[in-house]
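Now for the letters of each chain:
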Amino acid sequence: MKKIVIDPITRIEGHLRVEVEIDEDNVVQEAYASGQLFRGIEIILKDRDPRDAGLMAGRICGVCTNSHFRGAVSAVEDAYGLEIPKNAEIIRDLMAMALFIQDHVVHFYHLHLLDFVDVVSALEADIKLTSKEAHKYSKKPFRNSHTHYEEVKTKLQNFVKAGKLGPFSNGYWGHNEYKLTAEQNLLLISHYLEALKFQTNISKAVAIFGGKTPHPQSIVVGGITSVADMLNPGRLNDYIFIIKEAKEFVDRAYLPDMKLLAIAYKDEIKEGQGRANGNFLSVGGYEFEGDQRLFCNGVIYGHNFDEIEEFDETKITEEVDRAWYNEKDEPFYTDLNEDGSLKTKTKTDKYSWIKAPRYDGKTMETGPLARILVSYMKGNELIKSFVDEFLKDTNLELIDLSTTIGRNVARAIETAYICEYIFKLVSRLIQNIKYYDTETWGKYDFEKLPKDTKGGVFLEVPRGVLSHFVNIKNQKIQNYSVIAPTTWNATPKNLDGKRGAYEEALIGIKLADPSRPLEVLKVLHSFDPCLACAVHIIDTKGVDLGRYKIKINCQI
Ligand code: NI
């Protein structure tokens, strides 16, 4: 048995280390995913005014800022039993939806695409054939002119001539895991470059109501502060315009690209590559129309799509037996082995800063795939139509989505679905304003709120289920606790020995060349890891971090 260590995994957010054990045929037999940073925001939040929790919790991560900001404010509102005005809820949703679109597009093109696309091969592409190829997946392909592809090719040639590939350096070019033709590679690389412009524009949509992004400023306990933006038709128009542009890209580039990938990698999909254990968790949410929600809540066990349980928050537990915490929940770092590998020899060795959340004792996968599967099976008509059309066009089945490529398909479908839904949200807001409902903040007297209370919230955010819990004593935060989507997916094993989604998805993957483990990166990237959300504080030299005297007590 050989061991391969990848540390850090790049093109993700935060610091993830993965060790895999491969047999003589280079097939992965065991895997260990380790969060290498310690998150201390919960400690910083202690003894603070609960009204400040949002701005501080937003700093948990540089990518998911809006999600934690809203999560913290909503948890405090829940603790105090505060209802927020409809308009405030819609504005928060508009910010969240723009973030979903931004996150998903950036993830696919800038963090994951190079696991499928051989940049160097794109130099060999025939321009006319590239344009023809694009027409196979879209009636109206995005920027499909010969001049455009010539420009992209020249840009790539200039990188190569200069002796460096710029953003494309250090790839495993020429690896036989790359399956696309030169033309397909050029087509996707052209969209990689277009998506760079896309991400700037879509960020503005979050900033219109958030004041800025990352780290928006406008959500406060009781509502939102961006009243002037809401009442200014010009600002609303700007938002709608950006979303319309985004929708063009999603419909004409992102979704078609996913079809291309699903067809090109069909064998791999049918083999179930990157499949985890089939346990999926979605808490649902986002008011749509009347009682309808954008996403349904539900729990699927072992790919049994026909029996979906309702989500029950009391079934969640979080344990630390194999994470670097002691029985008092304090940071407790145990050294690495002498050769620098993780200590995983015995079934009790600790190997990650990420704690081990379980649902009814089981490891869970959360994220767009979980949301799509649960919503599809629970009869969400709009999601169903997107999924059915995709499966028909690519000749795939629902189970095929539970794979590396399938996670990306689910993400693209979700983006297209949100682009449709978002206009309904905007029109609801306009209706309210038209009928003189301009309330954005529910008045309360802080001094009269309960001194001791607790609350929490579950939110679907781009990477999956996010929960924030707060315990308030004498108007100050006594305890704070976060379970981020990556905590679920990247969970270490516990004393139960059960592999989390990252680890399980790697089992059985065959590496063509263990010195260039592209196959491992591909599986992990498909989850869109955000380690910064899961943990904090770096230990670059393997020194003892157990010296921290600060206590984390997340018992609520
Ligand atoms: Ni994050």
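Residues numbered from 1 in each chain as written. Predicted model: local features only at pLDDT ≥ 70, side-chain atom pairs only at ≥ 80, totals over all residues. Heavy atoms only, no water.

## A few points about the overall build of the chain
When you go through the chain residue by residue, the secondary structure sums to 17 helices and twelve strands. Over its C-alpha trace the chain gives a radius of gyration of 23 Å, about what one expects of a compact globule, namely 24 Å for 556 residues. Reported as C-alpha extents along the three principal axes, the dimensions of the chain are approximately 70 × 65 × 50 Å. With 556 residues in all, the chain has 62% of them scored as buried. Pairs at least 24 apart in sequence give 75% of the contacts found in the chain among residues at least 6 apart. By element, 50% of the accessible surface of the chain is carried by carbon and sulfur atoms, the whole surface being about 22,000 Å². Side chains of the chain give 71 positive and 80 negative charges; the mean places of these two sets differ by 3 Å. (Helix = DSSP H or I, 4+ residues; strand = E, 2+ residues; numbered from the N terminus. Rg over C-alpha atoms; globule rule 2.2 N^0.38 Å. Buried < 20%, exposed > 50% of the residue type's maximum accessible area, 1.4 Å probe, protein only. Contact = heavy atoms within 4.5 Å. Areas by Shrake-Rupley, 256 points an atom, 1.4 Å probe, with all protein chains shown as cover. Lys, Arg positive; Asp, Glu negative; His and termini not counted. Charge placed at Lys NZ, Arg CZ, Asp CG, Glu CD.)

## A word on the sheet that holds strand S10 (residues 453–461)
Taken in spatial order, the three strands line up as S10-S11-S12 in an open sheet, and their pairing is antiparallel. Of all the strands in the sheet, just S10 and strand S12 (476–483) have a single pairing partner and so form its edges. Here the strands of the sheet are splayed against their neighbours by 15° on average, with no regard to which way each runs. Sheet analysis places S10 next to strand S11 (residues 464–473), joined by nine bridges and oriented antiparallel. For Lys454, the partnering residue across the bridge sits in S11 and is Asn471. Each of S10, S11 and S12 is contacted by helix H3 (residues 65–80), which is oriented at about 145° to S10, the strand it contacts most. (Pairing = 2+ DSSP bridges. Axes fitted to C-alpha atoms, helices over the stretch in contact; angles between N-to-C directions.)

## Re the sheet that holds strand S3 (residues 28–35)
Read across the sheet, three strands follow the order S1-S2-S3 without closing on themselves; strand pairing throughout is antiparallel. Sheet topology places strand S1 (2–6) and S3 at the edges, where each strand pairs with a single neighbour. Adjacent strand axes in the sheet meet at a mean angle of 15°, parallel and antiparallel pairs treated alike. As paired strands, S1 and strand S2 (residues 16–22) are joined by five bridges and run antiparallel to one another. The residue bridging Lys3 from the neighbouring strand is Glu21, located in S2. Here helix H16 (residues 518–525) sits on the sheet in contact with S1 and S2, set at roughly 130° to S2.

## A word on the side chain of Thr363
Residue placement: Thr363 occurs in the loop between strand S9 (356–359) and helix H11 (368–377). Polar contacts involving the side chain of Thr363 include one to the main-chain carbonyl oxygen of Arg499, which spans 3.1 Å. Beyond its immediate stretch of four places on either side in the chain, Thr363 contacts Asn277, Asn279, Arg358, Thr491, Lys498, Arg499 and Gly500. (Polar contact = N/O pair within 3.5 Å; in protein donor to acceptor, adjacent residues only side chain to side chain.)

## A few points about the pattern of salt bridges
A side chain with one charge may pair with a side chain of the opposite charge, provided their charged atoms come close. Throughout the structure, instances matching the rule amount to 37 salt bridges. Note that Arg358 is salt-bridged to Asp496, the shortest N-O span being 2.9 Å. Linking Arg358 in strand S9 with Asp496 in the loop between helix H14 (485–489) and helix H15 (501–506), this pair joins segments that are 138 residues apart in sequence. In this structure Arg358 comes out as buried when scored by relative accessible area, which is 1%. Among the salt bridges present, the one from Asp445 reaches Lys448, with a minimum N-O distance of 3.6 Å. Among the residues examined, Asp445 registers a relative accessible area of 37% and is labelled partly exposed. Connected through salt bridges with shared partners, the residues Glu30, Lys493, Arg499, Glu503 and Glu504 form a single ionic network. (Salt bridge = Lys/Arg side-chain N within 4 Å of Asp/Glu carboxyl O.)

## Digging into the nonpolar core
Formed by 139 residues in total, the largest nonpolar core has its most connected members in Met97, Phe168 and Tyr239. The contact partners of Tyr239, leaving out residues within four places of it in the chain, are Leu94, Ala98, Ala205, Ile208, Phe209, Ile422 and Val426. By size, the runner-up hydrophobic cluster in this structure holds 26 residues, among which are Val18, Ala490, Ile509 and Leu524. (Core = buried A, V, L, I, M, F, W, Y, C linked by side-chain atoms within 4.5 Å.)

## A word on H3
An α-helical turn contains 3.6 residues, so a residue and the one three or four places further along point in the same direction. Between its first and last C-alpha atoms H3 spans 23 Å; for 16 residues at 1.5 Å apiece the expected length is 22 Å, and the two agree. Most of H3 is tucked away, with 15 of its 16 residues classed as buried. At the C-terminal side of H3, Gly81 shows a positive phi close to 65°. (Expected span 1.5 Å × (residues − 1).)

## Some points on the packing of helix H6 (residues 146–161) against helix H7 (residues 182–210)
At a closest axis distance of 10 Å, the pairing of H6 and H7 adopts a crossing angle of 85°. By the angle between their directions, the pair H6 and H7 is classed as roughly perpendicular. Within the contact between the two elements, H6 uses His148, Tyr149, Val152, Lys153, Lys155 and Leu156 and H7 uses Leu186, Leu187, Ile189, Ser190, Leu193 and Glu194. Among the residues forming the contact of H6 with H7, the class breakdown is seven nonpolar, two polar and three charged. (Parallel < 35°, antiparallel > 145°, perpendicular 65-115°, else oblique. Nonpolar A, V, L, I, M, F, W, Y, C, P; charged D, E, K, R; others polar.)

## Quick notes on the state of the cysteines
Summed over the entire model, instances satisfying the criterion amount to zero disulfides. Here Cys296 is not disulfide-linked; the sulfur of Cys419 is the nearest cysteine sulfur, at 19 Å. A relative accessible area of 18% means that Cys296 is categorised as buried. (Disulfide = S-S within 2.5 Å.)

## Overview of the confidence of the model for the chain
Across the chain, pLDDT averages 92, with 96% of residues at or above 70. This model gives residues 536–556 a pLDDT under 50, and the stretch forms 50 contacts once residues within four places in sequence are excluded. (pLDDT = per-residue confidence, 0-100.)

## Considerations on the environment of Ala53
Structurally, Ala53 is set in helix H2 (residues 53–57). If near-sequence neighbours (up to four positions away) are discounted, Ala53 is found in contact with Leu45, Ala72, Val76, Ile477 and Tyr480.

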